[in-house]
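# Analysis of the macromolecular model
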Amino acid sequence: MRALHTKLWRDLRRMWAQMLSIALVVAMGVAGFVGMFSVHDSLQNARDNFYRDNRMADVFIRVQRAPLQLQARLQAVSGVADVQLNVVHDAQLALPDALAPVTARFVGLDLAQVQAQRQGLNTLSLRSGRWPEPGRVLEAVVNERFAQARQLQLGNRVQAILNGQLQTVHLVGTVLSPEYVFATRGGAPDDKSFGVWWIDQLKLVQLLDMQGAFNQAFFRLHQRAPSPAALADTIAQIDTLLGPYGTRGAMRRDQQISARIVNDELSQMQVMGTVLPAIFLAVSVFILNGVMARQVATQRHPMAALKALGYSNSRIAWHYMGMALAMAGLGLLSGLALSQLIGRAMLGLYGESFRFERLDYSTTSWLVAASMVLVLTAALAGTWRAIKAVVRLRPAVAMQAPLPARVHLGLIERVGLDRHVRTASLMALRPLQQRPWRALLTVTGIALAVALQISGAFWLDAVDHIIDVQYRQVQRGDVVVQFQHALAPSVQQDLQRLPGVLQAETQRTAPVRLHWRGQNDEGMLLGLPSGARLVRAIDTQQGPITLPPQGLMLSALLAQHLGVQASDRIEVEFLTGRQLRASVEVVAIVHTLIGKQAFMDLAAMHRLAREGAGVTEASLQVDPLAMPAFWQAVKRAPRIVSVLDKAASLAGFQETTSRNMGVFSTILTLFAVAMAVGIVYNAARISLSEQAWELASLRVLGMTRAEVSLLLLGPLGAQLLLALPLGAAVGWALASWLMQLMSSENIDFPVVIAPPTYAWAALIVLAAGLASALVVRRHIDRLDLVAVLKVRE
């Protein structure tokens, strides 16, 4: 066995470059698997621990106004262990040294419970400063991420309009909340424009005239994981009790917007942690198969000698298996080290978006064990063909020179085109015709590298498309203002008189529940005035659409869930106001990007709701030069509770997404380059090993190094060029598949791949392939013609 160990060491030193390229491909697969699943597990553990320690509620519900006397009845609902009632209110907030107001969510905080250190459900964690104290001064704590984004300091004073009254709020601390791990209004990151403020509950009740009432309730259940039927029954009882008080219905923890976004990210990490390693390990199997098969073919005589000296088939087979394990083992160790860099970088990005008490990166032992099993399986699969050849080869046969390979006429010769093609070109194309399966696998591997690059870069194209649709086509105004209650349409004239306002359009939004043949789903109904210009309904496939004077247009997400088609008649249940239920015809299905939405003509919506001609929000087009005066006027408008500055919102969205997507795209680019290098380099080295005698003969006959290099690398270049269009098609398919796996019931992300993305993917893989080919060309230049031309008779 010592002789075999010496031979193994010599073989590995001789083929060190191929060993490194194979290890690189394996390392990328291991790094993707271990790194992404470590991020998944770290994020999941941080979430679970934070939810448990801070007593995250299991069920949430918002109402317009309900009496506190319902608490005993809510506590008696089957499955409910604890119930907490609260008051919450959104208002506009004027920050120091900030021109535009932002939206603040004020939440009541029971100071008596805080002082007794028993806050109840959704417990806050104090990060800096102190808790608010009762008194004449209105003190507050704010979510830490908003304070950091706005660079607020303890002691800062802000102005808020609460129930039409201007109030001064003193910032005394920052906190973390399990309910606002991802603080957002509509799902998009907006740390600078949306903050959550907790103030004395008694003062908030007094300011909002909510004595003896609540508008938010949390529930904790007896069982941590109740059966779906039991949970549905509990939610149905809660909805029955609070339905008359204007509610969109109770929602489970996984439906709460912050928890849902965290869960979506965890699901996406699982998908990426499964798909990427599968691609890399499959490619490593292919490369190992070619390298080991060539090793066996070039070592026939040493194997014959070893067998003649008494070495068994199993010992020799383990020798070649050890060679594969050495390459795979190096890839495993490198991948585990690389996974730490990738995982910590990605977890750092999540730490900027999700605010947990602790977010520590760790790699579990099962991930290391699973990666070892996967790598071992890949090594065995890649070496199996070579092992079979070793076992079948008899010593007497192995001592003889191998039989010449059977050569068939290629397609060019069979169709008679060989007379019109140069001899050198025929020689270059012959390997492709004689080994079509190897060529096909090489083309497929390079195409996968192109597809991998496209699947990492197309996210930026999708984000650009979303920005174009949502910020430029749907929302064409500069500012959106929302009112505390529905106002008369005459408010449009009031808004038109604000400084700098060039145009104002009012809309109405209402939460609704749609019913169709026993199915129901919730969404937002948007009523737009006839001829609206500042807010439009956009179909991503057809462009702007005109709302008919009658009927309802339904988003594809809602229609798909309900099974509704155009011309069907559904029932619309308004969840606020008079809570009427009316029948209306679906006149069209609209393909939107975000949210479950329905669209109606504003006048038709008023008739359907039978609540008068009220509007809930308005879109404004404002002269940029008059923005300072406009914002000052908005800050003094008591009926405006929240403001969306489109420019600021767009800038924040682009900053966050470009940073996150940029890191993710860079990682996948490195993966694609590693795959391309591994495939092209090993394919070229195997071809050089097989054709060394012929190439040396041609050099002796007078061919130049460049001509000989073209004969060897020409077929590889052809395979590289063939792989580019195939990789573009596979990239589109892979991107579509990833989007399908990551799809959400509230988001319909498009598969949009811009031409520059295809071009960059092709150039990156082409450059990696050419660099690998140039390295192999140096080996051609250094061929020892005398040694290569020695033939064993």
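Further up the page is the structure itself.
Residues numbered from 1 in each chain as written. Predicted model: local features only at pLDDT ≥ 70, side-chain atom pairs only at ≥ 80, totals over all residues. Heavy atoms only, no water.

## A look at the overall build of the chain
So the rule is basically this: Numbered from the N terminus, helices here are DSSP runs of H or I no shorter than four residues, and strands are runs of E no shorter than two. Per-residue accessibility, obtained with a 1.4 Å probe over protein chains only, is compared with the maximum for each type, and a residue is labelled buried under 20%, exposed over 50%, and partly exposed between these values. Note on contacts: a residue pair is in contact if any heavy atoms of the two residues lie within 4.5 Å. Here the Shrake-Rupley method, with its probe set to 1.4 Å, supplies the accessible areas, and only the displayed protein chains count as covering residues.
Broken down by element type, the chain carries 23 helices and 22 strands. Counting over 793 residues, the chain shows a buried share of 53%. Pairs at least 24 apart in sequence give 82% of the contacts found in the chain among residues at least 6 apart. Accessible surface, the chain as shown: approximately 36,000 Å² in total, 57% of it carbon and sulfur.

## As for the packing of aromatic side chains
Put simply, the rule is: Only rings of Phe, Tyr and Trp enter the pairing, Trp through its six-membered ring, and a pair is recorded when the two centres are within 6.5 Å. The plane angle decides the type: under 30 degrees is stacked, over 60 is edge-to-face, the rest tilted.
In this structure the tally under the stated criterion is twelve aromatic pairs. Between F37 and W366, the aromatic rings sit 6.5 Å apart at their centres with planes inclined by 75°, giving edge-to-face as the arrangement. Residue F37 is found in helix α2 (residues 16-53), and its partner W366 is found in helix α11 (residues 365-392); the two are separated by 329 residues along the sequence. Overall, F37 belongs to the buried group, its relative accessible area being 12%. Residue W366 is classed as partly exposed on the basis of its relative accessible area of 45%. Among the aromatic side chains, those forming a connected cluster through ring pairs are F50, F182, Y350, F354 and F356.

## Considerations on the sheet that holds strand β2 (residues 80-86)
Where we set the bar: The pairing criterion for strands is at least two bridges between them, as found by DSSP. Each axis is a line fitted through C-alpha atoms, taken for helices only over the stretch in contact, and angles between the N-to-C directions span 0 to 180 degrees.
In spatial order, the strands read β2-β10-β1-β11; together these four strands make up an open sheet with antiparallel pairing. The open sheet has two edge strands, β2 and β11 (251-252), and neither has a second partner. Note: strand β1 (residues 59-67) against strand β10 (residues 213-221), six bridges, orientation antiparallel. Within the sheet, the bridge partner assigned to F60 lies in β10 and is F218. Along the sheet, helix α7 (residues 228-242) makes contact with β1, β2, β10 and β11, crossing β1 at roughly 15°.

## Thoughts on the side chain of D568
If you trace the backbone, D568 turns up in the loop between α17 (556-562) and β18 (569-574). Those residues in contact with D568 that lie beyond four places of it in its chain are W516, G563, V584, E585 and V586.

## Points about the pattern of salt bridges
Rules: Here a salt bridge means any side-chain nitrogen of Lys or Arg lying within 4 Å of a carboxyl oxygen belonging to Asp or Glu.
Inspection of every chain in the model, using the stated rule, returns 20 salt bridges. Its salt-bridge partner being D53, residue R52 comes within 3.3 Å of it at the nearest N-O pair. Owing to a relative accessible area of 52%, D53 belongs among the exposed residues under this scheme. One salt bridge in this structure joins R252 and D254, with 3.0 Å as the shortest N-O distance. Linked by salt bridges that have partners in common, R127, E144, R355 and E357 make up one network.

## Focus on the pairing of strand β22 (residues 640-645)
Within β22, five of the six residues are buried, which leaves it mostly tucked inside the rest of the structure. Two strands pair when backbone bridges link them, and strand β12 (residues 479-487) and β22 are joined in this way by five bridges, in the antiparallel orientation. Looking at β22, one finds that V479 is bridged to D645.

## With respect to the pairing of strand β14 (residues 519-528)
When strand β13 (residues 501-516) meets β14, the two strands line up antiparallel, connected through nine bridges. Residue pairing for β14: L514 is matched across the bridge by D521. Hairpin remark: β13 followed by β14, antiparallel, with two residues in the connecting loop; positive phi at R517, about 50°. As defined by bridge partners, β14 adjoins strand β20 (residues 597-601) across five bridges and the pair is classed as parallel. Bridging across to β20, G527 finds its partner in M600.

Any link to function would need more than the numbers given here.
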